[in-house]
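# Results of the structural survey
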Amino acid sequence: MFLFFLPQSADMSAASNLRSEDQFLCSICLDVFTDPVSTPCGHNFCKTCISQHWDMNQSCQCPMCKETFYTRPQLRVNTFICEMVAQFRRELEKTEAEIQQMIQKRRLKIQEITESVKMSKDAADRQKAEGVQVFTALMESVERRLKELMKEIEDKQETTEKQAEGLIKDLEQEISELMERSSEVEQLSRSEDHLHLLQSFSSLKAAPPSKDWTEVRVHPPSYEGTVGRAVAKLEETAELQRMQQYEVDVTLDPDTAHPNLILSDDGKQVYHSDVRKNLPDNPERFSLCPCVLGEQSFSSGRFYFEVQVKGKTKWDLGVATESINRKGEMTLRPQDGFWTVGLRNGNEYKALAGPSVPLYLHPGPEKVGVFVDYEEGLVSFYDVGAAALIYSFTGCSFAHKLHPFFSPCLNDGGKNSAPLIICPVNQTESNND
């Protein structure tokens with residue numbers, strides 16, 4: 001342990017260390033020396049221990065060699081042992097500190113492992129809950145789509161049957177009229193009253209009014225593609241439900257809102273007002289375009305949110321990078337950090353892809369879902385009510401954090417005063433159209 005020993009074998013070193021440590025133990029208290037002193041015979045004791053030992057005995061005798069001193073010796077501090085004991089104590093303290101550090105590290109590792117297991121269990125529970133939710137909704141969708149398919153086929157068949165019933169009724173009516181005419185002709189042919197025969201002949205000679213049935217057909221409805229369309233619709237619903245499981249709680253950031261925008265207290269709604277509020281022109285705020293960002297930012301993973309656009313004639317919606325220009329004129333396009341779709345003039349939908357891509361949506365969506373896969377470089381927009389994909393930006397390269405982006409556009413004299421509303425996800429909603 002100390003630097004007073006020549007190189008030796010491990011066993012010898014251990015034994016020597018043990019002996020060296022014993023040299024610093026008081027033979028009275030059997031503990032490391034405290035204020036070590038030496039007797040005239042050369043043995044060492046704690047000052048308090050040897051003093052108390054001699055106080056309790058009639059003679060001053062060395063506890064080790066039993067040498068008796070007729071006058072009580074003057075005890076002198078053994079400075080060498082004091083230094084060695086101090087070093088020894090420092091070594092013990094260092095060793096104790098190292099042991100405590102090792103214990104703490106292992107306790108932290110246990111805590112880390114326990115926390116990892118807990119996180120894994122929580123993730124597994126969430127995944128199971130999401131799986132149950134998605135597949136329950138999917139099974140409900142399957143059942144609902146099957147009922148819709150059966151109803152569509154039955155409605156077509158019912159229409160065909162009603163058409164056939166109408167034609168048969170008309171035919172039976174004409175048959176009845178013709179049979180009545182045939183009976184009249186037969187009766188008249190047997191009549192002996194020549195005057196009555198002549199009077200009736202002209203009216204019977206004319207053919208009864210009748211329809212030309214030569215080209216009349218009952219055309220069975222075509223069921224081709226009916227099942228395929230139902231399956232495709234189900235697949236679209238299932239795809240949307242997969243996206244919906246990545247729902248995040250989005251709120252609007254008032255520090256980014258243009259001064260003419262009015263935000264609800266809960267940060268879920270925004271609309272444009274003609275009154276401009278007196279707000280500080282901080283760097284985050286849009287100064288010219290009526291836009292606002294979501295408070296939440298994302299730099300990895302997947303996320304999804306839904307926005308109600310019902311009743312609006314203009315809007316822009318999507319995601320934008322944190323580094324976008326917020327002052328002056330802006331161009332909503334990927335090159336400038338925007339991935340958005342928008343509406344103009346009440347029915348003109350576009351993907352603002354720079355250049356814009358027309359989107360032919362009829363009817364237009366009342367609620368739009370926005371899905372982002374950061375690593376995949378994907379931004380997709382969905383018509384939630386129709387469970388249909390509107391547009392996807394693919395192969396995107398995101399170099400900064402992404403924020404949800406909203407623009408209710410100008411209120412246009414009240415024509416576009418309806419707010420954009422961030423809505424909670426309802427996975428069965430797309431099936432209730």
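Throughout what follows, the structure given in this document is the object of discussion. Predicted model, so just to flag it, every value in this text is computed and none were measured.

What follows is about the overall build of the protein chain. Counting secondary structure elements, the protein chain contains five helices and 18 strands. The burial tally for the protein chain puts 34% of its 433 residues in the buried class. The contacts in the protein chain between residues at least 6 apart in sequence include a share of 64% that link residues at least 24 apart. In the structure as shown, the protein chain presents an accessible area of about 26800 Å², 54% of it carried by carbon and sulfur atoms.

This paragraph deals with the sheet that holds strand 5 (residues 76-77). What the three strands build is an open sheet, ordered 2-1-5; its pairing is antiparallel. For this open sheet the edge positions go to strand 2 (44-46) and strand 5, each flanked by a neighbour on one side alone. Of the strands in this sheet, strand 1 (36-38) and strand 2 touch helix 2 (residues 47-56), which is tilted by about 90° from strand 2.

Here we come to the sheet that holds strand 10 (residues 315-321). Strands sit in the order 8-17-10-11-12-13 across an open sheet of six strands; the sheet is antiparallel. Edge positions in the sheet fall to strand 8 (292-293) and strand 13 (357-359), since each of these pairs with one other strand and no more. As paired elements, strand 12 (residues 348-351) and strand 13 share three bridges and run antiparallel to each other. Looking at strand 13, one finds that Tyr 349 is bridged to Leu 359.

Right, let's get into the packing of aromatic side chains. Overall, the coordinates contain eleven aromatic pairs when judged by the stated rule. Seen from their ring centres, Phe 338 and Phe 405 are 5.4 Å apart, and the 75° between their planes marks the pair as edge-to-face. Of this pair, Phe 338 sits in strand 11 (residues 338-344) while Phe 405 sits in strand 17 (residues 402-407), and the two are 67 residues apart along the sequence. One exposure class covers both Phe 338 and Phe 405, and it is buried.

Let us now look at the side chain of Asp 253. In this structure, Asp 253 sits in the loop between helix 5 (226-244) and strand 6 (261-263). No salt bridge is formed by the buried Asp 253; its nearest oppositely charged neighbour, Arg 326, is found at 6.1 Å. Within polar-contact distance, the side chain of Asp 253 engages the backbone nitrogen of Asp 255 at 3.1 Å. Discounting residues that sit within four places of it in the chain, Asp 253 has contacts with Leu 263, Val 292, Leu 293, Gly 294 and Glu 295.

What follows concerns a nonpolar patch on the surface. On the surface, Leu 171, Ile 175 and Met 179 cluster together to form a nonpolar patch covering roughly 290 Å² of accessible area. With respect to the helices and strands, the residue Ile 175 is situated in helix 3 (residues 79-190).

Now for the nonpolar core. Formed by 36 residues in total, the largest nonpolar core has its most connected members in Phe 305, Trp 315 and Phe 406. The contacts of Trp 315, once residues within four sequence positions are left out, are Val 309, Val 341, Gly 342, Leu 343, Arg 344, Tyr 349, Val 368, Ser 407, Cys 409 and Leu 420. Core analysis: the next-biggest nonpolar cluster, separate from the first, contains 17 residues, Phe 33, Val 37, Phe 69 and Ile 81 among them.

One pass over the structure, following the stated rule, counts 14 salt bridges. Ionic pairing is found between Lys 109 and Glu 112, a salt bridge with its closest N-O pair at 3.3 Å. Of this pair, Lys 109 and Glu 112 both sit in helix 3, three residues apart, which is roughly one turn of the helix. With relative accessibility at 44%, the residue Glu 112 sits in the partly exposed group. Salt-bridge contacts for Asp 336 lead to Arg 333; the nearest nitrogen and oxygen are separated by 2.9 Å.

Tracing the backbone through its elements, the reader meets Gly 346 in the loop between strand 11 and strand 12. Put simply, Gly 346 and Thr 313 are 33 residues apart on the chain and 4.0 Å apart in space, counted from C-alpha to C-alpha.

With that settled, consider the environment of Gln 308. Within the secondary structure, Gln 308 is located in strand 9 (residues 302-308). Considering only alpha carbons, one finds Gln 308 and Glu 366, 58 residues apart in sequence, at a separation of 5.9 Å. Excluding residues within four positions of it along the chain, Gln 308 makes contact with Glu 366, Lys 367, Pro 419, Leu 420, Ile 421 and Cys 423.

With omega at 10°, the peptide bond leading from Gly 354 into Pro 355 counts as cis. Checked against the element boundaries, Pro 355 lands in the loop between strand 12 and strand 13. Going from His 362 to Pro 363, the amide bond is cis rather than trans, its omega being -5°. When you line up the elements, Pro 363 lands in the loop between strand 13 and strand 14 (367-373). For Asn 345, which is not a glycine, the phi torsion comes out positive at approximately 55°.

Structurally, Asn 282 can be placed in the loop between strand 7 (269-272) and strand 8. Among the residues examined, Asn 282 registers a relative accessible area of 16% and is labelled buried. When sequence neighbours within four positions are dropped, the list of residues in contact with Asn 282 reads Asp 255 and Lys 327.

Next up on the list: helix 2. Three or more residues of helix 2 are buried, namely Cys 49, Ile 50, Ser 51 and Trp 54. Along its buried surface, helix 2 packs onto strand 1, strand 2, strand 3 (60-61) and strand 4 (68-69).

Here we come to the pairing of strand 17. A regular strand places its side chains so that they alternate between the two faces of the sheet. Counting buried positions over the six residues of strand 17 gives six, a clear majority of the element. Bridge count for strand 8 against strand 17 is two bridges, and the pairing is antiparallel. Residue pairing across strands places Val 292 opposite Phe 406, the latter belonging to strand 17. With six bridges joining them, strand 10 and strand 17 adopt antiparallel strand pairing. Within strand 17, the position partnered with Leu 317 by the bridge is Phe 406.

Here is what the cut-offs are and how they apply
Residues numbered from 1 in each chain as written. Predicted model: local features only at pLDDT ≥ 70, side-chain atom pairs only at ≥ 80, totals over all residues. Heavy atoms only, no water. Helix = DSSP H or I, 4+ residues; strand = E, 2+ residues; numbered from the N terminus. Buried < 20%, exposed > 50% of the residue type's maximum accessible area, 1.4 Å probe, protein only. Contact = heavy atoms within 4.5 Å. Areas by Shrake-Rupley, 256 points an atom, 1.4 Å probe, with all protein chains shown as cover. Pairing = 2+ DSSP bridges. Axes fitted to C-alpha atoms, helices over the stretch in contact; angles between N-to-C directions. Phe/Tyr/Trp six-rings, centres within 6.5 Å; stacked < 30°, edge-to-face > 60°. Lys, Arg positive; Asp, Glu negative; His and termini not counted. Salt bridge = Lys/Arg side-chain N within 4 Å of Asp/Glu carboxyl O. Polar contact = N/O pair within 3.5 Å; in protein donor to acceptor, adjacent residues only side chain to side chain. Patch = residues over 30% accessible without salt bridge, like charges linked within 9 Å, V, L, I, M, F, W, Y side chains within 5 Å. Core = buried A, V, L, I, M, F, W, Y, C linked by side-chain atoms within 4.5 Å.

Remember that the coordinates give geometry; whether it matters functionally is a separate question.
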